[in-house]
2 protein chains.
Amino acid sequence: MRSTDRNTARDARELGNRTVLHRILAVLGAFDTSTTRLGLAELCRRAGLPKTTVHRIAGELVEERLLVRDEQGLYALGMRLFEIGELVPVHRTLSSVALPIMEDLREATRKRVHLAVLDGIDVVYVEILGATSIDVGSRPGGRIPAHATGVGKVILAYSPTATIQARLEAGLPALTPRTITTKDALVADLRKIRSIGMSLDLEESHLGVSCVAAPVFGFNKRIRAGLSITGPIGSMDPGLLGPAVRTAAFTLSRALRDAGL
Amino acid sequence: MRSTDRNTARDARELGNRTVLHRILAVLGAFDTSTTRLGLAELCRRAGLPKTTVHRIAGELVEERLLVRDEQGLYALGMRLFEIGELVPVHRTLSSVALPIMEDLREATRKRVHLAVLDGIDVVYVEILGATSIDVGSRPGGRIPAHATGVGKVILAYSPTATIQARLEAGLPALTPRTITTKDALVADLRKIRSIGMSLDLEESHLGVSCVAAPVFGFNKRIRAGLSITGPIGSMDPGLLGPAVRTAAFTLSRALRDAGL
DNA sequence: GGATGCGTTCCACTGACCGGAACACCGCTC
DNA sequence: GAGCGGTGTTCCGGTCAGTGGAACGCATCC
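What counts, and at which threshold
- Residues numbered from 1 in each chain as written.
- Chains lettered and ligands numbered in written order.
- Predicted model: local features only at pLDDT ≥ 70, side-chain atom pairs only at ≥ 80, totals over all residues.
- Axes fitted to C-alpha atoms, helices over the stretch in contact; angles between N-to-C directions.
- Helix = DSSP H or I, 4+ residues; strand = E, 2+ residues; numbered from the N terminus.
- Parallel < 35°, antiparallel > 145°, perpendicular 65-115°, else oblique.
- Left-handed = near helix turned anticlockwise from the far one by under 90°.
- Contact = placed C-beta atoms within 7 Å.
- Nonpolar A, V, L, I, M, F, W, Y, C, P; charged D, E, K, R; others polar.
- Core = buried A, V, L, I, M, F, W, Y, C linked by C-beta atoms within 7 Å.
- Buried ≥ 20, exposed ≤ 12 C-beta atoms within 10 Å, placed from the backbone.
- Near = placed C-beta within 6 Å.
- Least-squares fit on C-alpha atoms with pLDDT ≥ 70 in both.
- Pairing = 2+ DSSP bridges.
- UniProt positions renumbered as here; feature names shortened; annotations may be inferred.

An unreviewed UniProt entry lists chain A under the name Transcriptional regulator, IclR family, with Nostocoides australiense Ben110 as the source organism.

The structure is reproduced here in structure tokens:
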């Protein structure tokens, strides 16, 4: 029966999912920020796959340099993944245009400068300039719920309502006690952001850290990214820094449109 | 027969190679710096795989967000690849220690600052600071034959002889007319580099571009990376910039050792 | 010694994957 | 408007790549 076939196929797809690609991603997904090197056993546990299977897959991945094995036999993500990642267009094309402008902003404000894009209901940091001594909880490739951060809110504010709706429906988890967690508060804040053309983030994503962000538009005025500067909460004067960020974001928007992006 | 089975298996492995993973990588490998968006047909040609196969694999990859499809139906590398790539330890751990030092070097010299590691017989740029108006042919994630660039030579100079041998055996392709292409010349240059503790690159990797590089050592004095500054050939004074790069590289080496890397 | 952890190899079974065939849809040209 | 070369898509039977239990060797630890 075709319908039953489809159903079983769909079942397998939705829960568990046993294709080769899934297994590969389960293995690669076992690594995260804090766990960069893993033995076979731990890899199995995290991937939820039998030992033999992981052993074989990991072996193939090493052969392809997607994984490497160190002297102690531990697996780690390999250089080739980094190389492929650097080719991703949203990162590469955006960065090439944005970096000079971000550097100017960095020099002018002496703050940490962030460029982020919306991916689904989260924000992903595409480029960050300026090392910090204190931990501000942001890193290139990092993913944070859009409502809980300055760049995220400013992108949401200029996104289609369907996007905002998706974020609301997925819930508003709190990263700090000051994160916006209610629908009404978020909607009100987004309205305010649209009216002043920038967003503020006072310890909403990370305690002790404040942030000012402005929207970056691309081809046909569609929101493309968010530009922000971040620093310890005491050092951030929105009245002073706001115009700097807004100007830089505006310049970037122009540059993107000139480049046809 | 077991032996024949093994042979055919090995044959398939060595030439062509028809495992799922290989097909996936053939598809992902179809994208490069200049070709960021591809239709199905072109994807097939580049991957060397039949239409149906690519269609199915690409579909699965899109589902997993390793690829994305734009409005016109073209495929492009997806954000998830960037996210995974940013987790690669050689990049992440090295960068986190190196970036503050690289920023200081950047401010002091106002040149483009490069951090690169050796991967096999090539050099891969791990981190780059300082946008340039002119094209210097380097980008994060970029891969260049080790003998043909400043950072590459300085890493080779402090690598085990087996590594140098591997590079020699793989040949010394020329990137510009000034690239070192003979074994004797390279060996002599490496000796000179070891004696002065830094390497020079006068238009060897890119015409009009010069470069000064110094070695970065990690745990137990093993060579880990190369640090370099780059600029238009006229603006580069080795006598002035050399010490700056060497000092920064030395500071970085210390920092790495302190971090246990 | 035996118990528990690791990583590795072997190999028979099977269903996930393959890809040819045939499809629908352009925008051409004649 | 028929014919053509180019896209992208769906269908489906055959088969071999991929699976994973079992059994291995080797460390620790008690």
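A. The packing of helix 6 (residues 89-109) of chain B against helix 10 (residues 238-258) of chain B, seen in detail. Residue and element names in this part refer to chain B. Taken N-terminus to C-terminus, the directions of helix 6 and helix 10 make an angle of 165°; their axes are 10 Å apart at the nearest point. When the axes of helix 6 and helix 10 are compared, the pair comes out roughly antiparallel. Like other packed secondary-structure pairs, helix 6 and helix 10 cross with a definite hand, here right-handed. For the pair formed by helix 6 and helix 10, the contact residues are Val97, Ala98, Ile101, Asp104, Leu105, Ala108 and Thr109 on the first element and Leu241, Ala244, Ala248, Thr251, Leu252, Ala255 and Leu256 on the second. Split by residue class, the contact of helix 6 with helix 10 holds 11 nonpolar, 2 polar and 1 charged.

B. A look at the interface of chain A and chain B. The interface of chain A with chain B comprises 36 residues on the first partner and 36 residues on the second. When grouped by side-chain class, the residues that make up the side of chain A that touches chain B number 21 nonpolar, 7 polar and 8 charged.

C. A look at the nonpolar core. The biggest cluster of nonpolar side chains holds 140 residues, and the ones touching the most others in it are A:Leu227, A:Val245, B:Leu227 and B:Val245. Beyond its immediate chain neighbours, meaning those up to four positions away, A:Val245 contacts A:Met198, A:Val212, A:Ala213, A:Ala214, A:Leu227, A:Ser228 and A:Ile229.

D. View of the protein's contact with DNA strand C. Lining the immediate environment of DNA strand C, one finds 18 residues, of which A:Thr19, A:Gly39, A:Leu40, A:Ala41 and B:Thr52 sit closest. Those elements that provide at least two residues to the surface near DNA strand C are helix 3 (40-47) and helix 4 (51-63) of chain A together with helix 2 (20-28) and helix 4 (51-63) of chain B. With 4 residues, the single largest contributor to the surface near DNA strand C is helix 4 of chain B.

E. Quick look at the relation of the copies chain A and chain B. Superposition record for chain A on chain B: RMSD 0.1 Å, screw rotation 180°, translation along axis 0.0 Å. With respect to symmetry, the two chain copies, as superposed, fit the operation of a two-fold axis. Considering only C-alpha atoms, the part of chain A nearest the rotation axis is A:Gly85, at 2.4 Å. When the interface residues of chain A are mapped onto chain B, 100% of them again fall at the interface, so both copies present the same face.

F. Expanded view of the pairing of strand 4 (residues 122-129) of chain B. Residue and element names in this part refer to chain B. In terms of burial, strand 4 is a largely internal element, 7 of the 8 residues being buried. Relative to strand 4, strand 3 (residues 112-119) runs antiparallel, the two sharing 7 bridges. Looking at the pairing, Asp119 lines up with Asp122 of strand 4. Between the antiparallel neighbours strand 3 and strand 4 lie 2 residues, among them Gly120 with a positive phi of about 70°.

G. Local environment of the UniProt feature "domain: IclR-ED" (unreviewed entry) in chain A. UniProt records the feature "domain: IclR-ED" (unreviewed entry) for residues 80-258 of chain A in the present numbering. Annotated as 44% helix and 23% strand, the span residues 80-258 of chain A places its first and last C-alpha atoms 33 Å apart.

H. Summary view of the sheet that holds strand 1 (residues 37-38) of chain A. All names here are of chain A. Across the sheet, 3 strands lie side by side as 1-3-2; this open sheet has antiparallel pairing. The sheet is open, and its two edges are formed by strand 1 and strand 2 (67-69), each paired on a single side. Here 3 bridges tie strand 2 to strand 3 (residues 75-77), and the two strands are oriented antiparallel to one another. Across the sheet, Arg69 pairs through a bridge with Tyr75, a residue of strand 3.

I. Up close: the sheet that holds strand 8 (residues 223-232) of chain B. Residues and elements named next belong to chain B. Spatially, 5-4-3-8-7-6 is the arrangement adopted by the 6 strands of the open sheet, whose pairing is antiparallel. The open sheet has two edge strands with one neighbour each: strand 5 (143-145) and strand 6 (199-202). Each adjacent strand pair in this sheet contributes to an overall mean axis angle of 30°, direction not counted. Both strand 6 and strand 7 (residues 209-217) contribute to a ladder of 4 bridges, which runs antiparallel. Looking at the pairing, Asp201 lines up with Cys211 of strand 7. Here helix 6 sits on the sheet and contacts strand 3, strand 4 and strand 8; the angle it forms with strand 4, its principal contact strand, is near 60°.

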